[in-house]
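# Tertiary structure, described
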Amino acid sequence: DDLWESHADWWIEGFTDGADPEYEEQILPLAAAELAGAGRVLDVGCGTGFEAGVVIDHLGPGRIEAIVCADPSRDMLAALQARRPHGRR
């Protein structure tokens, strides 16, 4: 638990607003395409929720019934909640 938390700030500072361009331009569109038509999504190891946000933005908020995000880091989940405050805990 402490190991996850000790690295959470580094990840939050470096990747909350996006990842490297290749990841954003190649991997995330593939993930969104694979999830097209899905009503519910489980994002394990969600971090700050960047990928879940891309899926929502790509497919449209009304197209996904629910995205459940799980991460062992409380700091990551707090950053996710700050980015997407409409989500429930």
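Owing to the predicted nature of the structure, the values given are computational and were not obtained by experimental measurement. (Residues numbered from 1 in each chain as written. Predicted model: local features only at pLDDT ≥ 70, side-chain atom pairs only at ≥ 80, totals over all residues. Heavy atoms only, no water.)

## Let's talk about the pairing of strand E1 (residues 40-44)
Both faces of the sheet carry side chains from a regular strand, because those side chains alternate between them. Of the two faces of E1, the one lined by Val41 and Asp43 is fully buried and the one lined by Arg40, Leu42 and Val44 carries no buried residue. Taken together, the 5 bridges between E1 and strand E2 (residues 66-70) define a ladder with parallel strand orientation. Bridging across to E2, Asp43 finds its partner in Cys69. (Buried < 20%, exposed > 50% of the residue type's maximum accessible area, 1.4 Å probe, protein only. Helix = DSSP H or I, 4+ residues; strand = E, 2+ residues; numbered from the N terminus. Pairing = 2+ DSSP bridges.)

## Considering helix H2 (residues 21-35)
For H2, spanning 15 residues, the distance from its first C-alpha to its last is 21 Å, which sits close to the expected 21 Å at 1.5 Å a residue. Largest kink in H2: about 30°, centred on Ile27, with the proline Pro29 one to four residues after it. Taken from the residues just after H2, Gly37 is the one with a positive phi, measuring 90°. (Expected span 1.5 Å × (residues − 1). Bend = angle between axes of the 7 residues up to and from the residue.)

## Some points on the packing of H2 against helix H3 (residues 50-59)
Between H2 and H3, the shortest axis-to-axis distance is 9 Å and the interhelical angle comes to 65°. Considering only the axes of H2 and H3, their crossing is right-handed. Along its contact with H2, which presents Tyr23, Glu24, Leu28, Ala32 and Leu35, the element H3 presents Phe50, Glu51, Val54, Val55, His58 and Leu59. (Axes fitted to C-alpha atoms, helices over the stretch in contact; angles between N-to-C directions. Left-handed = near helix turned anticlockwise from the far one by under 90°. Contact = heavy atoms within 4.5 Å.)

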